[in-house]
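Commentary on secondary and tertiary structure
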Amino acid sequence: MRKRDIGGSVRAIIASVCYATNPLFALPLYALGLTANSVLFYRYLFSVIIYSVIVLCFKKVSLAISLKQGGVLLFLGVIFSMTCLLMYESFNYIDSGMACTMLFVYPIMVAVIMAVFFKEKFTFTTLVSLLLSFSGICLLCETSDNVIDFRGVWLVVLSALCYALYIVAVKKIPMVKTIKLEKLNFYIMLVTLGVFYVNSSFGLELQILSSAKELFLVCMLAIVPTIFSIETMNVAIKLIGSTRTSIIGALEPITAVVIGALVFGEVVTYKTGLGIFLVITGVLVIVMKGFKTDKKKLKKQKV
């Protein structure tokens, strides 16, 4: 397997696991009385501050961009932030656990967009991987009262569509290739911060962080599911493509289930276990497909 594919797959897995730690740091903040708007704003405020220090002081990378690059980054930042905004709005209508799980229809959307608009070959392996992952996610998507408000469902679908468009755009917009990864990550977080500031009535609805525990949790939220996740995901998209990155992203709900069981004492049922098995199988199918493809390429090169 080429280093490019190994690196891309590993980064996609890291991105998935990191992003799934959102509840680990967000739920304690909610328990302390902070609203979703405040948590989201401080999450990206601290991520922008921390990441700018890393980029400017340690990596020594300039954050200067051209006007055209700024336009592309603004577009990417807005659709990325809409993923989160629409998701949190859906919590008003359906359970947050169900909403977060339903979000993972986005790999199917990515695969369809790539096939229809960019003529990417929709292989049998990709189809099998998607079906396995999607079936597993459906099993993970449980509701206590079996009542679903479809306003929430449509909001999640729109959230997934925004995420799919972001993943495809990072790979396919030519201008993105001219932007260094550090600049891409920084401005995505900066634009997202701006959107959440506006969404909080230009800061009027924000709560003040009043304890060291809140500060610690916000910093962890900024570092693990934000900086680590965005940086590794963007690298993965460039290395192994949009479709494979999005399918590997199906590991996120599994990580969320494991965290819920180990940290918050949530019950893991046989249905949940089967769902986890199907998702892992689906991810392994797409990863192993890359391995077999690379072996064939190496053989041809030797001949």
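Below or above, wherever it landed, is the structure these notes cover. Predicted model only: the values in this text are computed from it and were never measured.

We now examine unusual backbone geometry. Phi is positive for Lys60, which is not a glycine, with a value near 55°. One can find Lys60 in the loop between helix 3 (36-58) and helix 4 (67-90).

Going through the model one piece at a time under the given rule, you end up with 2 salt bridges. Residue Glu182 pairs with Lys59 through a salt bridge whose shortest N-O separation is 3.6 Å. Here Lys59 lies in the loop between helix 3 and helix 4 and Glu182 lies in helix 9 (residues 181-199), a separation of 123 residues in the sequence. Accessibility expressed as a relative area gives 16% for Glu182, which makes it buried. With relative accessibility at 35%, the residue Lys59 sits in the partly exposed group. With a shortest N-O distance of 3.2 Å, Lys59 and Glu231 are connected by a salt bridge. Placement of Lys59 in the loop between helix 3 and helix 4 and of Glu231 in helix 10 (residues 212-240) is noted, with a sequence separation of 172 residues between them. Given a relative accessible area of 19%, Glu231 falls into the buried group.

A full pass over the atoms with the stated rule returns 7 aromatic pairs. Relative to Phe196, the ring of Tyr44 lies with its centre 5.5 Å away and its plane at 50°, an arrangement referred to as tilted. In this pair, Tyr44 sits in helix 3 while Phe196 sits in helix 9, placing the two residues 152 residues apart along the sequence. Both rings, one in Phe186 and one in Tyr187, keep their centres 5.0 Å apart while their planes meet at 85°; by these two values the pair is edge-to-face. According to the relative accessible area criterion, Phe186 is buried, its value standing at 8%. Of the residues examined, Tyr187 reaches a relative accessible area of 16% and is grouped as buried. Cluster of aromatic residues (ring-pair linked, three or more members): Phe41, Tyr42, Tyr197 and Phe202.

Along the polypeptide, Met82 turns up in helix 4. The exposure class of Met82 is partly exposed, given its relative accessible area of 28%.

What follows deals with the packing of helix 1 (residues 3-19) against helix 12 (residues 251-262). When two helices pack together, their arrangement is given by the angle between the helix axes and the distance between those axes. Direction vectors running N to C along helix 1 and helix 12 enclose 40°, while the axes themselves pass 8 Å from each other. Relative to helix 12, helix 1 is oriented oblique. Taken as a pair, helix 1 and helix 12 cross one another with a handedness that is right-handed. Two secondary-structure elements touch here, helix 1 through Ile13, Ala15, Ser16, Val17 and Tyr19 and helix 12 through Leu251, Glu252 and Thr255. Along the lines of polarity and charge, the residues of the contact of helix 1 with helix 12 split into 5 nonpolar, 2 polar and 1 charged.

This part covers helix 6 (residues 106-118). The terminal C-alpha atoms of helix 6 lie 17 Å apart, and with 13 residues this matches the ideal 18 Å at 1.5 Å per residue to within 8%. For helix 6, the complete set of buried residues consists of Tyr106, Pro107, Met109, Val110, Ala111, Ile113 and Met114. Downstream of helix 6 by a residue or two, Lys119 has a phi angle that is positive, lying close to 60°.

Before going further, it helps to examine the nonpolar core. In terms of nonpolar packing, the biggest core is built from 84 residues, with Leu76, Phe80, Tyr106, Tyr166 and Leu184 touching the most fellow members. With 12 residues, the single largest contributor to this core is helix 10. With residues up to four places along the chain from it excluded, the contact list for Tyr166 reads Leu76, Ile79, Phe80, Ile188, Met233 and Asn234.

Let us look at the side chain of Ser38. Note that Ser38 resides in helix 3. Other than its neighbours up to four places away in sequence, Ser38 contacts Glu205, Leu206 and Gln207.

Here is what the cut-offs are and how they apply
- Residues take numbers from 1 onward in each chain, read along the sequence in its written order.
- In keeping with the predicted nature of the model, local features appear solely for residues at pLDDT of at least 70, side-chain atom pairs appear and are counted solely at 80 or more, and the whole-chain, interface and lining totals rest on all residues.
- Remark: hydrogens and water are excluded; side-chain values derive from all non-hydrogen atoms of the structure.
- Elements are defined by DSSP. Helices are runs of H or I of four residues or more, strands are runs of E of two residues or more, and each kind is numbered from the N terminus.
- The rule for a salt bridge is simple: a side-chain nitrogen of Lys or Arg has to be within 4 Å of a carboxyl oxygen of Asp or Glu.
- To sort residues, take the accessible area from a 1.4 Å probe on protein chains only and compare it with the maximum for the residue type: under 20% means buried, over 50% means exposed, and anything in between is partly exposed.
- Whether two aromatic rings pair depends on their centres lying within 6.5 Å, for rings of Phe, Tyr and Trp, where Trp uses its six-membered ring; planes under 30 degrees apart make the pair stacked, over 60 edge-to-face, and the rest tilted.
- For helices, the fitted axis covers only the stretch in contact; all axes are lines through C-alpha atoms, and the angles between them, taken along N-to-C directions, range from 0 to 180 degrees.
- For classification purposes, an angle smaller than 35 degrees is called roughly parallel, one larger than 145 roughly antiparallel, one from 65 to 115 roughly perpendicular, and anything else oblique.
- Handedness of each helix crossing follows the sense of rotation of the near helix against the far helix: counterclockwise by less than a right angle gives left-handed, clockwise gives right-handed.
- Contacts are residue-level and defined by heavy atoms, with any inter-residue pair within 4.5 Å sufficient.
- Three classes are used, and their members are as follows: Ala, Val, Leu, Ile, Met, Phe, Trp, Tyr, Cys and Pro are nonpolar, Asp, Glu, Lys and Arg are charged, and the others, Gly among them, are polar.
- How far a helix is expected to stretch is found by multiplying one less than its residue total by 1.5 Å.
- Only buried residues count toward a nonpolar core. Its members are Ala, Val, Leu, Ile, Met, Phe, Trp, Tyr and Cys residues joined through side-chain atoms within 4.5 Å.

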